[in-house]
Amino acid sequence: MQRIRLRYTKRGRLRFTSHRDFQRAFERALRRAEVPMAYSAGFTPHPRVSYANAAPTGTGSEAEYLEIALAEARDPEKLRELLDESMPVGLDITDAVEARTSGLADRLTASVWELRLEGTDPAEAERAVAVFLAAESVEVQRRTKNGMRTFDTRGAVVSLEVAPASAVPADRPLDSACAILRLVVRHLTPAVRPDDVLSGLRAVADLAPPVPAAVTRLAQGLFDEESGTVTDPLAPDREAVTTAPPTAAAAADAKAPEGPAA
């Protein structure tokens with residue numbers, strides 16, 4: 001059995017798809033691409049797909065991850081191309097690597113988020129960010145399936161800053177203010193989401209954007225304490241491929257006879 005790890009996106013209007021919507025679209029893509037999936041045992045077998053830390057509905061993402069198990073070995077890049085062609089535009093499969101290490105979910109310890117606040121003056125956003133970062137704790141409330149829960153958002157935030165004016169998209173109306181926040185947050189329990197941080201900014205600094213923020217996850221992976229960056233969670237698998245013996249799929253490709261000369 002071969003395991004393949006995939007990176008995918010949620011772009012444009014498809015940021016409003018729920019995780020269940022994505023699951024349905026992805027399983028249809030598996031069938032269209034004729035991927036030789038491994039299935040679970042039991043009375044109702046289902047494709048062996050493991051999803052890791054999906055972004056909340058309504059947020060965009062450039063860095064979502066999942067892992068599939070195959071009954072037959074396939075080349076990861078060719079598989080990625082087939083799946084990407086079978087997915088709706090906006091739910092794009094952007095990377096694939098054979099799993100050569102364990103614990104993908106364990107390497108997703110932090111996320112980098114971009115929060116676009118239309119109608120918010122950058123100077124006002126900088127003032128609010130300074131107040132938030134200076135606080136020892138910033139408690140907010142969120143409704144969960146078990147009722148209202150109060151938790152601290154400040155402890156999960158590694159960094160929070162207002163992006164420079166050059167980062168503001170050119171398509172923004174000239175007469176409208178816009179602030180873009182860059183947020184790095186650790187994945188703790190309970191999970192602190194970007195909207196929780198916005199609630200914290202409202203609570204401690206009265207920052208209230210006139211329209212809902214456009215939120216996009218730019219990256220997620222292992223947080224490097226020394227560099228303060230979030231690293232690529234698929235990098236260990238790529239590094240392992242360069243030192244490991246060839247897989248069954250690679251060996252079969254190497255032995256395949258060449259076609260007749262033109």
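## Here's the deal with the overall build of the protein chain
Each helix and strand counted, the protein chain has six helices and 12 strands in total. Expressed as a percentage of the 262 residues in the protein chain, the buried residues total 41%. At a minimum sequence separation of 6, the contacts of the protein chain that also span at least 24 residues come to 77%. Counting every atom, the protein chain has about 14,300 Å² of accessible surface; 51% of that belongs to carbon and sulfur.

## With respect to the pairing of strand E5 (residues 110-118)
Burial analysis of E5 places eight of its nine residues in the buried class, which makes it a mostly covered element. Two strands pair when backbone bridges link them, and E5 and strand E9 (residues 178-186) are joined in this way by nine bridges, in the antiparallel orientation. Its bridge partner being in E9, Leu-115 is matched across the sheet by Leu-181. Pairing of E5 with strand E10 (residues 214-221) involves seven bridges; the strand directions are antiparallel. Bridge assignment links Trp-113 to a residue of E10, and that residue is Arg-217.

## Some words on the confidence of the model for the protein chain
When pLDDT is averaged along the protein chain, the result is 90, and 89% of the positions lie at 70 or above. Across the protein chain, the element-wise mean pLDDT spans from 50 in helix H6 (residues 248-255) up to 98 in strand E4 (residues 93-98). Scored below 50 in pLDDT, residues 256-262 shows zero contacts in the model against residues more than four places distant or in partner chains.

## Things to note about the nonpolar core
One finds Leu-115, Leu-160, Leu-181, Leu-183, Val-197 and Leu-201 to be the most contacted residues of the largest nonpolar core, which totals 26 residues. Mapped by element, the contributors of at least two residues to this core are E5, helix H3 (122-134), strand E8 (157-162), E9 and helix H4 (194-205). In contact with Leu-115, not counting residues within four places along its chain, are Ala-179, Ile-180, Leu-181, Leu-183, Pro-194, Leu-198, Ala-214 and Val-215. In this structure, Ile-4, Tyr-8, Leu-66 and Ala-96 belong to the second largest nonpolar core, which totals 21 residues.

## Describing the environment of Ala-208
By secondary structure assignment, the location of Ala-208 is in the loop between H4 and E10. Looking at Ala-208, the relative accessible area reads 49%, which means it is partly exposed. Expressed as a C-alpha distance, the spacing of Ala-208 and Thr-120, which sit 88 residues apart in the sequence, is 8.2 Å.

## Remarks on the pattern of salt bridges
Within the structure shown, the criterion is met by 19 salt bridges. Residue Arg-11 pairs with Glu-62 through a salt bridge whose shortest N-O separation is 2.7 Å. With Arg-11 in the loop between strand E1 (2-10) and helix H1 (19-32) and Glu-62 in strand E3 (residues 60-70), this pair connects stretches of sequence that are 51 residues apart. Arg-11 is the partner of Asp-92 in a salt bridge, and the nearest nitrogen-oxygen pair spans 2.9 Å. Of the two residues, Asp-92 is situated in the loop between helix H2 (76-86) and E4 and Arg-11 in the loop between E1 and H1; the sequence distance between them amounts to 81 residues. What makes Asp-92 buried here is its relative accessible area of 16%. A single network of salt bridges, built from pairs that share partners, joins Arg-3, Arg-5, Glu-67, Arg-107 and Asp-237.

## Focus: the packing of H3 against H4
Packed helices, taken two at a time, are described by the angle their axes make and the gap between the axes. One can describe the packing of H3 onto H4 by two numbers: an axis separation of 9 Å at closest approach and a directional angle of 90°. Taken together, H3 and H4 sit at an angle that is classed as roughly perpendicular. Counting all contacts with H3, which are made through Glu-124, Arg-127, Ala-128, Val-129, Val-131 and Phe-132, the residues of H4 involved are Val-197, Gly-200, Leu-201, Val-204 and Ala-205. Looking at side-chain class alone, the contact of H3 with H4 contains eight nonpolar, one polar and two charged residues.

## Details of H2
Looking at H2, one finds that the buried residues are Pro-76, Leu-79, Arg-80, Leu-83 and Ser-86. Buried residues of H2, seen end-on, are gathered within an arc of 130° and therefore sit on one face of the element. Across H2 from its buried face, at more than 90 degrees, point the exposed residues Lys-78 and Glu-85. Elements in contact with the buried residues of H2: E1, H1, E3 and E4. Of the residues flanking the start of H2, the one acting as N-cap is Asp-75, its side-chain oxygen 3.2 Å from the backbone nitrogen of Glu-77.

About the thresholds
Residues numbered from 1 in each chain as written. Predicted model: local features only at pLDDT ≥ 70, side-chain atom pairs only at ≥ 80, totals over all residues. Heavy atoms only, no water. Helix = DSSP H or I, 4+ residues; strand = E, 2+ residues; numbered from the N terminus. Buried < 20%, exposed > 50% of the residue type's maximum accessible area, 1.4 Å probe, protein only. Contact = heavy atoms within 4.5 Å. Areas by Shrake-Rupley, 256 points an atom, 1.4 Å probe, with all protein chains shown as cover. Pairing = 2+ DSSP bridges. pLDDT = per-residue confidence, 0-100. Core = buried A, V, L, I, M, F, W, Y, C linked by side-chain atoms within 4.5 Å. Salt bridge = Lys/Arg side-chain N within 4 Å of Asp/Glu carboxyl O. Axes fitted to C-alpha atoms, helices over the stretch in contact; angles between N-to-C directions. Parallel < 35°, antiparallel > 145°, perpendicular 65-115°, else oblique. Nonpolar A, V, L, I, M, F, W, Y, C, P; charged D, E, K, R; others polar. Arc of directions from axis to C-beta. Polar contact = N/O pair within 3.5 Å; in protein donor to acceptor, adjacent residues only side chain to side chain.

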